[in-house]
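Structural overview for review
Each chain, letter by letter, is given below.
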Amino acid sequence: MNILDKIVIRKKEEIADAKALVSITDLENSPHFKRKPYSFKDFLLAEDRTGIIAEFKRRSPSKGLINGIADVGEVTQAYNAAGASALSVLTDVDFFGGKTDDILAARAANNIPILRKDFMIDEYQILEAKAWGADIILLIASILTPQQINDFGKFAHNLGLNVLLEVHNHEELERSISPHLDAIGVNNRNLADFTVDIQTSFDLVNKIPDKFLKISESAISDPQTIKELKAAGFNGFLIGENFMKTDNPGASIKEFVAQI
Ligand SMILES: O=C(O)c1ccccc1NCC(=O)[C@H](O)[C@H](O)COP(=O)(O)O
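Just so you know, these numbers come straight off a predicted model, no measurement behind them. (Residues numbered from 1 in each chain as written. Predicted model: local features only at pLDDT ≥ 70, side-chain atom pairs only at ≥ 80, totals over all residues.)

Focus on the nonpolar core
- Of all hydrophobic cores here, the largest spans 70 residues; its most connected members are Ala84, Ala86, Leu87, Ile137 and Leu139.
- If one sorts the elements of this core by residue count, strand S6 (residues 136-140) sits on top with 5 residues.
- Not counting residues up to four positions away in its chain, the partners in contact with Ala84 are Thr50, Ile52, Ile53, Ala54, Tyr79, Ile112 and Ile253. (Core = buried A, V, L, I, M, F, W, Y, C linked by C-beta atoms within 7 Å. Buried ≥ 20, exposed ≤ 12 C-beta atoms within 10 Å, placed from the backbone. Helix = DSSP H or I, 4+ residues; strand = E, 2+ residues; numbered from the N terminus. Contact = placed C-beta atoms within 7 Å.)

Below is the structure:
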């Protein structure tokens, strides 16, 4: 059993617990639920933004503890001020040390798109994302069927949310394309064995239909890599650990952005 299998098993338990505690009506009555989500595309392509989707990530299965002291409001505001096009906030508790309050705090402090970064396997989580103030949801091809990707994408679009599909290889890309997607992310990290290779992005970029925003995800630590990914056709760059592993993630992104 790999880490994704373990995460999905735990996620099913978490969702059952959440459903018992918070009804769909309660989620729909959240003040954030009425808000029109920000357009991922507008912020990703804006001239005064960098294309960086800056992630708040306390820990991960591959790296263990990354940052146990950072404040989510402070860090995400600094990411925003440095020109991030969007924020990614992990809400998985057991494997990434995230929590619902993190996304609520990021929403309260920022007026740019926020990705609810989690392992989405149930429509209920999409309703949670909207209720917590997210603008974008992530659908990971390796844990979903093509039918689920289409149905969850449609469900999210009907709520006005933006949809980011994550793939790691050509086979996942081919089987997962749906009209209910806005962006396709190539994860440079193999989530089954944690190996990372930026070449994965370069290999897949031209296979992604041009109507989708193209995002390169994970293991980006050098401003030069951003220049090369942009030249190859990517619009967005999801970066977590490179900023979060420092004492001051806000200063770290500022220094990084000055070099791209
Ligand atoms: O990061 C992990 O160890 C991980 C393990 C299992 C499933 C997902 C995982 N990460 C999620 C991500 O995709 C990254 O948090 C995101 O792309 C940022 O990556 P990085 O810049 O390398 O922190």
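Additional details are given in the paragraphs that follow.
A look at the site of the ligand
- Lining the immediate surroundings of the ligand are 19 residues, of which Ser60, Ser62, Ser218, Gly240 and Glu241 lie closest.
- Mapped by element, the contributors of at least two residues to the shell around the ligand are strand S10 (236-239) and helix H11 (241-244). (Near = placed C-beta within 6 Å.)

What about the sheet that holds strand S8 (residues 183-187)?
- Strand order in the closed barrel formed by 8 strands is S1-S4-S5-S6-S7-S8-S9-S10, with parallel pairing between adjacent strands. Looking at each pair of strands side by side, their axes are set apart by 25° on average, direction ignored.
- Alignment of strand S1 (residues 52-56) against strand S4 (residues 86-90), held across 4 bridges, turns out to be parallel. Within the sheet, the bridge partner assigned to Glu55 lies in S4 and is Ser88.
- Against the sheet, helix H4 (residues 72-81) touches S1 and S4, its axis set at about 170° to S1. (Pairing = 2+ DSSP bridges. Axes fitted to C-alpha atoms, helices over the stretch in contact; angles between N-to-C directions.)

Notes on helix H6 (residues 123-131)
- Buried within H6 are the following residues: Ile126, Leu127, Glu128, Ala129, Lys130 and Ala131.
- Against helix H2 (24-28), strand S5 (114-117), S6 and helix H7 (146-158) lie the buried residues of H6.
- Following H6 by one or two positions, Gly133 has its phi on the positive side, about 95°.

Focus on the environment of Tyr79
- By the element assignment, Tyr79 lies in helix H4.
- C-alpha of Tyr79 to C-alpha of Phe56: the two residues are 23 residues apart in sequence and 9.4 Å apart in space.

Comments concerning the packing of H4 against helix H5 (residues 100-109)
- At a closest axis distance of 9 Å, the pairing of H4 and H5 adopts a crossing angle of 45°. It follows that H4 is oblique to H5 by the angle criterion. Where H4 crosses over H5, the two elements pack in a sense that is right-handed. Seen from H4, the contacting residues are Val72, Gly73, Thr76 and Gln77; seen from H5, they are Asp102, Ala105, Ala106 and Ala109. (Parallel < 35°, antiparallel > 145°, perpendicular 65-115°, else oblique. Left-handed = near helix turned anticlockwise from the far one by under 90°.)

Looking at the pairing of S4
- In terms of burial, S4 is largely enclosed, as 5 of its 5 residues are buried.
- Residue alternation in S4 divides its side chains into two sets, Ala86, Ser88 and Leu90 and Leu87 and Val89, and both sets are buried.
- Across 4 bridges, S4 lies against S5 in parallel orientation. Across the sheet, the residue bridging to Ser88 is Leu115, located in S5.
- For the crossover that starts at S4, traverses H5 and ends in the parallel S5, the hand is right-handed. (Right-handed = clockwise from strand over helix to strand, strands pointing away.)

Some points on the confidence of the model for the chain
- Per-residue pLDDT for the chain averages 97, and the proportion of residues at 70 or more is 100%.
- For this predicted complex, the interface score ipTM comes out at 0.98, while the overall pTM is 0.97. (pLDDT = per-residue confidence, 0-100.)

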